[in-house]
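# Notes for the structure review
Below are the chains, spelled out letter by letter.
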Amino acid sequence: FTTSDIDFSVVRPHDPYKTSNPSIDKILKELGYMPYFSNNDKAEKYIPALESPGKSLNIEFLCDPGRHTKEPYKIAGLGIVTIPITHQRVLLRNTEILYYKGIPVVVPRPGYWALHKIAISQLRKGKNADLKMMKDLQGAYMVVKFLGEAEILSISRQFKGKFLRLFQKGWEVLKTLERI
């Protein structure tokens, strides 16, 4: 199970113009990354610059859409653009801390991550929607098999409304794919 990107969840600040010193944009550029803007989904990510061999991961910043933010959201003070991901708060509210080389890293709990991937897979749109949905479900499937179906279904009982309906629809697709 590998990935080609690192997603950072950003809680939208109350003052998006408060400047960090130095800016995240500047730090990433110094580390050999350059901003890349996609016209398809209006998203911005950082990709390794051509003159930076050995770097292979793309970096994206995500946020919860909120009531009025459906498009990428610029946080001028940080020098970044965040991409709203539906139901991102499910991940932000269910985290644990892992340590990488002594550095604490906050990550979503695996069961909640799988649940979110299953639900979000049903919202994919556009040219590569089927491919992205399959990638979402493939990642979720690995976690479901590791934790067990009972654990994922137990977590799902905490939710209601649209998120639960999306999960249930995605779960049916996942179970259908499992039989193939």
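Bear in mind the structure is a predicted one, so any value in this text is a computation, not a measurement.

### Here's the deal with the packing of aromatic side chains
Geometry of an aromatic ring pair is reported as the spacing of the ring centres plus the angle between the planes. Applying the stated criterion across every chain yields a total of five aromatic pairs. Relative to Phe61, the ring of Tyr46 lies with its centre 6.3 Å away and its plane at 85 degrees, an arrangement referred to as edge-to-face. Residue Tyr46 is found in strand E3 (residues 43–48), and its partner Phe61 is found in strand E4 (residues 58–63); the two are separated by 15 residues along the sequence. The residues Tyr46 and Phe61 share a single accessibility class, namely buried. Between Phe167 and Trp171 the ring centres are 5.5 Å apart and the planes differ by 35 degrees, which places this aromatic pair in the tilted class. Linking Phe167 with Trp171, this pair stays in helix H6 (residues 161–179), spanning four residues, or about one helical turn. Neither residue differs from the other here; Phe167 and Trp171 are each classed as buried. One aromatic cluster is present, formed by Phe8, Tyr46 and Phe61 through successive ring pairs.

### A word on the nonpolar core
Counting residues in each nonpolar core, the largest one holds 20 residues, and the members touching the most others are Leu115, Ile118, Val144, Ile152, Phe159, Phe167 and Trp171. If you list the elements that add at least two residues to this core, you get helix H3 (110–120), helix H4 (129–147), helix H5 (149–156) and H6. With six residues, H6 is the largest single contributor of residues to this core. Other than its neighbours up to four places away in sequence, Val144 contacts Ala114, Ile118, Glu149, Ile152, Trp171 and Leu174. Membership of the second largest hydrophobic core comes to 10 residues, among which are Val10, Leu28, Tyr46 and Ile75.

### A few points about the environment of Tyr112
Within the fold, Tyr112 resides in helix H3. For Tyr112, a relative accessible area of 7% puts it in the buried group. Residues Tyr112 and Ile6 lie 106 residues apart in sequence; the distance between their C-alpha atoms is 18 Å. Among all residues touching Tyr112, those that are not within four sequence positions of it are Val90, Leu91, Asn94, Ile155, Gln158 and Phe159. Polar side-chain contacts of Tyr112 include one of 2.6 Å to the side chain of Gln158.

### Notes on the pairing of strand E6 (residues 80–84)
With five of its five residues buried, E6 lies for the most part within the structure. Here E6 shows a buried face lined by Ile80, Thr82 and Pro84 and a second buried face lined by Val81 and Ile83. Direction of pairing for E4 relative to E6: parallel, over a ladder of two bridges. Among the inter-strand pairings, Cys63 is bridged to a residue of E6, identified as Pro84. Across three bridges, the pairing between strand E5 (residues 73–75) and E6 is antiparallel. Bridge pairing links Tyr73 to Thr82 in E6.

### Notes on unusual backbone geometry
Of note, His87 is a non-glycine position whose phi angle comes to about 60 degrees, a positive value. Inspection of the secondary structure assignment puts His87 in the loop between E6 and helix H2 (88–92).

### Overview of the pattern of salt bridges
Under the counting rule described, the total for this entry stands at six salt bridges. Note that Lys29 and Asp25 form a salt bridge whose closest N and O atoms lie 3.0 Å from each other. In this pair, Lys29 and Asp25 both sit in helix H1 (residues 24–30), four residues apart, roughly one turn of the helix. The partner of Lys175 in a salt bridge is Glu149, with the nearest N and O atoms 2.4 Å apart. Taken together, the positions of Lys175 in helix H6 and Glu149 in helix H5 put the pair 26 residues apart, joining distant regions of the chain. Taking the relative accessible area as the measure of exposure, Lys175 reaches 16% and is therefore buried. Each member of the salt-bridge network shares a partner with another, and the members are Lys117, Arg124 and Asp136.

Rules behind the numbers
- Chains are numbered independently. Their residues run from 1 in the order of the written sequence.
- Since the coordinates come from a predicted model, pLDDT governs what is reported: local features require at least 70, and pairs of side-chain atoms require 80 or more to be given and counted, while whole-chain, interface and lining totals use all residues.
- Values shown for side chains rest on all heavy atoms present in the structure; no hydrogens or waters enter the calculation.
- Between 30 and 60 degrees the pair is tilted, below 30 it is stacked and above 60 it is edge-to-face, where a pair is any two Phe, Tyr or Trp rings, Trp via its six-membered ring, whose centres lie within 6.5 Å.
- Runs of H or I in DSSP of at least four residues are treated as helices and runs of E of at least two as strands, each being numbered from the N terminus.
- Here's how the labels work: a residue is buried when its accessible area is under 20% of the maximum for its type, exposed when over 50%, partly exposed in between, all with a 1.4 Å probe on protein chains only.
- We call a set of buried residues a nonpolar core when its members are Ala, Val, Leu, Ile, Met, Phe, Trp, Tyr or Cys and they connect through side-chain atoms within 4.5 Å of each other.
- Residue contacts are defined here by distance: any two heavy atoms, one from each residue, within 4.5 Å place the two residues in contact.
- Under this definition, polar contacts are N or O atom pairs within 3.5 Å; protein pairs additionally need one hydrogen-donor-capable and one acceptor-capable atom, and for neighbouring residues in sequence, both atoms have to be side-chain atoms.
- Two strands qualify as a pair provided that DSSP identifies no fewer than 2 bridges between them.
- Within this document, salt bridges are pairs made up of a side-chain nitrogen of Lys or Arg and a carboxyl oxygen of Asp or Glu, the two lying within 4 Å of each other.

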